[in-house]
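Residue-level structural notes
Single-letter residue listing:
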Amino acid sequence: MLILGIESSCDETAAAVVEDGRKILSNAVASQVEEHRLYGGVVPEIASRRHCEAISGIVQKALDDADTKLEEVDAIAVTYAPGLIGALLVGVNFAKGLALSAGKPLVPVHHLRSHIATNYLTYPELTPPFLCLVVSGGHTHLITVQGYTDLHVLGCTRDDAAGEAFDKAARAMGMPYPGGIELDKVAEGGNEKAYKLPRPSVDGAPFDFSFSGLKTNVVNLLHNAQQRGETVNIVDLAASYRRAVVDCLVRNTLLAAKKTGAKKLVTAGGVSANSLLRRELAARCAELGISFYCPRLSLCGDNGAMVGSQGYYEFVAGHVAGPNLNACAELSVESSPI
Ligand code: KG4
Ligand code: ZN
C-alpha cells in the first residue's frame with residue numbers, strides 16, 4: 001500500500017511516498033532553517049508563508065522521486081497536530097484539496113506518533129509494545145506504545161522541552177539556531193565535570209521532566225561571568241550542560257523501563273540525534289538486557305516519510321477524516337484522530 005505523507009508542522013515543508021509503513025520510496029524536504037536563523041528561532045508567520053510557497057513543489061517532487069503517480073497512491077496522510085497552527089493549516093488544507101480532487105482517503109497523523117514511526121522505517125523488525133522517549137524541539141514525553149495507534153503517556157515535561165532547553169542555552173552560549181545540534185558537536189571536546197549543574201526532577205512525578213531551571217542556571221552563569229569580566233570555557237560548559245540534560249532524560253527513562261518491565265526502549269524526535277543520549281541509552285540498555293532502538297540520523301528531524309509510515313498504520317486502523325478536518329496546535333498523543 002502506498003501512502004503520500006505531508007508534513008508542515010514547524011519549519012520544514014516535507015512530503016514522501018512510503019510503502020506499507022516501512023519502505024521509503026521518496027523523502028523530499030524544503031528546509032527554512034537558514035531564514036529563521038536570522039532571527040534566532042522560528043518565526044511562525046514566516047514559516048506559514050514559506051510552506052505556502054513550497055508545498056506544491058515538494059509534493060510533486062516526492063511523487064516524481066518515487067516514480068509514482070498520484071492515482072497510484074492509496075491514501076494521503078498529513079500532520080494535523082500539534083505544531084504551529086498557521087504552519088499546520090497549510091499542510092492540512094493542501095492535503096484536503098488533494099484528497100478531494102484525486103478521490104483519495106485523507107488520513108490525519110499526530111506529529112509525535114509520526115516521530116515514533118521513524119523507528120519502523122529504521123528497524124523493519126520493530127513492533128509494539130515498547131517504551132518510547134520522544135524528545136523534540138517542542139515535546140519531551142515518556143510513552144508506552146501498546147500498539148501502532150494505542151499510546152499512553154507516562155510522563156512529560158512540566159516546562160521546556162529538551163530541544164528547547166538545548167536551543168536556548170546554546171543561544172546564550174553564542175551558537176546559531178538551532179543550537180542543539182551545534183551544542184552537541186561542541187560538547188564532544190569538553191570536560192563535562194567542569195561546571196556543577198543541577199539534575200532537576202519533579203517531586204512525586206518521577207516520569208515528568210523539568211528543564212527550565214537548568215537552562216536558567218546556565219544563562220545566569222553566563223550573565224554573571226560577563227558582569228564580572230570573567231571568561232567562560234564554552235566547550236566545557238556545553239559538555240557539562242549536555243551531560244546534565246542527558247542525565248535527567250536517562251534517569252527517568254530507565255526508571256520507567258524498570259517500572260513497566262519494558263523489553264524494548266525506543267527514542268524519537270530531533271533530540272534523539274544527540275550523540276551522548278544515544279551512547280548513554282545504548283550502554284545502559286545493554287547492561288539491563290533491554291533492546292535499544294533509535295532512528296537513523298537522517299530521520300530524526302521532521303520529514304514526510306514518518307508521516308507516510310504512521311499514516312499507513314492509522315489508515316489500516318480506519319482513521320480516515322472528511323473535508324471538515326481541522327489542524328490543532330495542541331493535542332494529546334493518546335487521542336485517536338477519528
Ligand atoms: O523533532 P524536531 O525536528 O522538531 C520538533 O518537532 O520540534 O526537533 C528539533 C529539535 C531542535 O530543538 C534541535 O536543536 C534538536 O531537535 N536537535 C538536537 C540535536 N539535533 C537536533 N538537540 C540535541 N542534540 C542534537 N544532536
Ligand atoms: Zn518534530
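Read on for a plain summary of the structure. (Residues numbered from 1 in each chain as written. Chains lettered and ligands numbered in written order. Predicted model: local features only at pLDDT ≥ 70, side-chain atom pairs only at ≥ 80, totals over all residues. Heavy atoms only, no water.)

**Section: the overall build of the protein**
Keep this limit in mind: Helix and strand definitions here come from DSSP, where helices need a minimum of 4 consecutive H or I residues and strands a minimum of 2 consecutive E residues; each element is numbered from the N-terminal end. Atoms counted for the radius of gyration: C-alpha only. Globule rule: 2.2 Å times residue count to the power 0.38. Only protein chains enter the area calculation, which uses a 1.4 Å probe; residues under 20% of their type maximum are buried, those over 50% are exposed, and those in between are partly exposed. We call two residues in contact when some of their heavy atoms are within 4.5 Å. In this description, accessible areas are obtained by the Shrake-Rupley approach with a 1.4 Å probe, and a residue is regarded as covered only by the protein chains that are shown. Under the counting rule used here, the positive set is Lys and Arg, the negative set is Asp and Glu, and His together with the chain ends is not counted. The atom standing in for a charge is NZ when the residue is Lys, CZ when it is Arg, CG when it is Asp and CD when it is Glu.
Assigned secondary structure in the protein consists of 11 helices and 10 strands. Over its C-alpha trace the protein gives a radius of gyration of 20 Å, about what one expects of a compact globule, namely 20 Å for 338 residues. Based on the C-alpha atoms only, the size of the protein along its principal axes is roughly 65 × 45 × 30 Å. Counting only residues that meet the buried cut, the protein has 55% of its 338 residues in that class. Put simply, 74% of the contacts in the protein that link residues at least 6 apart link residues at least 24 apart. Put simply, the protein shows about 13700 Å² of open surface, and 52% of that area lies on carbon and sulfur atoms. Side chains of the protein carry 30 positive and 36 negative charges; the gap between the two charge centres is 6 Å.

**Focus: the packing of aromatic side chains**
We count it as follows: Stacked, tilted and edge-to-face pairs are distinguished by plane angle, under 30 degrees for stacked and over 60 for edge-to-face with tilted covering the rest, among Phe, Tyr and Trp rings (Trp via its six-membered ring) whose centres lie within 6.5 Å.
In total, this model carries eight aromatic pairs according to the counting rule given. Between tyrosine 120 and tyrosine 313 the ring centres are 5.5 Å apart and the planes differ by 65 degrees, which places this aromatic pair in the edge-to-face class. Separated by 193 residues along the polypeptide, tyrosine 120 in helix H4 (residues 111-122) and tyrosine 313 in helix H11 (residues 305-316) bring together distant segments of the chain. Each member of the pair, tyrosine 120 as well as tyrosine 313, is classed as buried.

**Notes on the sheet that holds strand E5 (residues 106-110)**
Under the convention used in this document: Between any two strands, at least two bridges found by DSSP are needed for them to pair. For every element, the axis is a line fit to its C-alpha atoms; helices are fit only across the contacting stretch, and the angle between N-to-C directions ranges from 0 to 180 degrees.
Strand order across the open sheet formed by five strands is E3-E2-E1-E4-E5, with mixed pairing between neighbours. Lying at the two open borders of the sheet, with one neighbouring strand each, are strand E3 (23-31) and E5. The mean inter-strand angle of the sheet, taken between neighbouring strand axes irrespective of direction, is 20 degrees. Across five bridges, the pairing between strand E4 (residues 75-81) and E5 is parallel.

**Some words on the sheet that holds strand E9 (residues 264-268)**
Taken in spatial order, the five strands make up an open sheet running E8-E7-E6-E9-E10, and their pairing is mixed. Bordering the open sheet on either side are strand E8 (150-156) and strand E10 (291-293), each of which pairs with just one other strand. Between one strand and the next, the sheet's axes are offset by a mean angle of 25 degrees, whatever the strand orientation. Alignment of E9 against E10, held across three bridges, turns out to be parallel.

**Points about helix H5 (residues 162-172)**
What counts here: Think of it as the arc spanned by the lines of direction from the helix axis to the C-beta atoms.
The complete set of buried residues in H5 reads Ala162, Gly163, Ala165, Phe166, Ala169 and Ala170. Projected down its long axis, H5 shows its buried positions confined to an angular sector of 160 degrees, all on one face. Check the buried side of H5 and you find it contacts strand E6 (130-135), strand E7 (140-147), helix H6 (179-187), helix H7 (212-228) and helix H8 (234-260). A positive backbone phi angle near 90 degrees is found at glycine 174, which sits one or two residues after H5.

**Observations regarding the pattern of salt bridges**
How we decide: Should a side-chain nitrogen of Lys or Arg be within 4 Å of a carboxyl oxygen of Asp or Glu, the pair is scored as a salt bridge.
Counted by the stated rule, this structure contains 18 salt bridges. We note a salt bridge from aspartate 247 to arginine 199, for which the minimum N-O separation is 3.0 Å. Of this pair, aspartate 247 sits in helix H8 while arginine 199 sits in the loop between H6 and H7, and the two are 48 residues apart along the sequence. Take aspartate 247: its relative accessible area is 24%, and that puts it in the partly exposed class.

**Some words on the side chain of threonine 79**
Under the convention used in this document: Polar contact criterion, stated in full: a pair of N or O atoms within 3.5 Å, where within protein one must be able to donate a hydrogen and the other to accept it, and residues adjacent in sequence count only if both atoms are side-chain atoms.
Topologically, threonine 79 is positioned in strand E4. There is a polar contact of 2.7 Å between the side chain of threonine 79 and the side chain of glutamate 7. Ignoring any residue separated from it by four or fewer positions in sequence, one finds threonine 79 in contact with Ile6, Glu7, Ser9, Leu88, Val92, Val109, His111 and Val307.

**Description of the packing of helix H2 (residues 44-65) against helix H3 (residues 85-102)**
The condition that has to hold: Crossings are assigned a handedness: left-handed for a near helix turned anticlockwise from the far helix by less than a right angle, right-handed for a clockwise turn. Classification convention: Asp, Glu, Lys, Arg as charged; Ala, Val, Leu, Ile, Met, Phe, Trp, Tyr, Cys, Pro as nonpolar; all other residues, Gly among them, as polar.
Two numbers describe how H2 lies on H3: the axes approach to 9 Å, and their chain directions differ by 30 degrees. Like other packed secondary-structure pairs, H2 and H3 cross with a definite hand, here right-handed. From H2, Ser48, His51, Cys52, Ile55, Ser56 and Val59 reach across to H3, where they touch Gly86, Ala87, Val90, Gly91, Phe94 and Leu98. For the contact of H2 with H3, a count of residues per class yields seven nonpolar, five polar and no charged.

**Structural notes on the site of ligand 1**
Stated formally: Nearness is judged by heavy atoms alone; a residue qualifies as near a molecule or strand once a single heavy atom is within 4 Å of it.
Inspection of the region around ligand 1 gives 19 residues, with His115, Gly137, Asp167, Asp184 and Gly270 positioned closest. In this structure, histidine 111 approaches ligand 1 through a side-chain N or O atom, which is 3.0 Å from an oxygen atom. One nitrogen or oxygen atom from the main chain of glycine 137 is found 2.8 Å from an oxygen atom belonging to ligand 1. Across the complex, the protein chains shield 87% of the 550 Å² of accessible surface that ligand 1 would expose by itself. Elements supplying a minimum of two residues to the shell around ligand 1: H4, H5 and H6.

**Here's the deal with unusual backbone geometry**
A negative phi angle is the norm for most residues apart from glycine, just as the trans form is the norm for most peptide bonds. Following proline 128, the chain continues into proline 129 via a peptide bond in cis, with omega recorded as 5 degrees. Checked against the element boundaries, proline 129 lands in the loop between H4 and E6. The omega angle of the peptide bond from tyrosine 177 to proline 178 is -5 degrees, so this bond is cis rather than trans. Structurally, proline 178 can be placed in the loop between H5 and H6. Within the chain, aspartate 20 stands out as a residue other than glycine whose phi angle is a positive 50 degrees. Assignment of secondary structure puts aspartate 20 in the loop between strand E2 (12-19) and E3.

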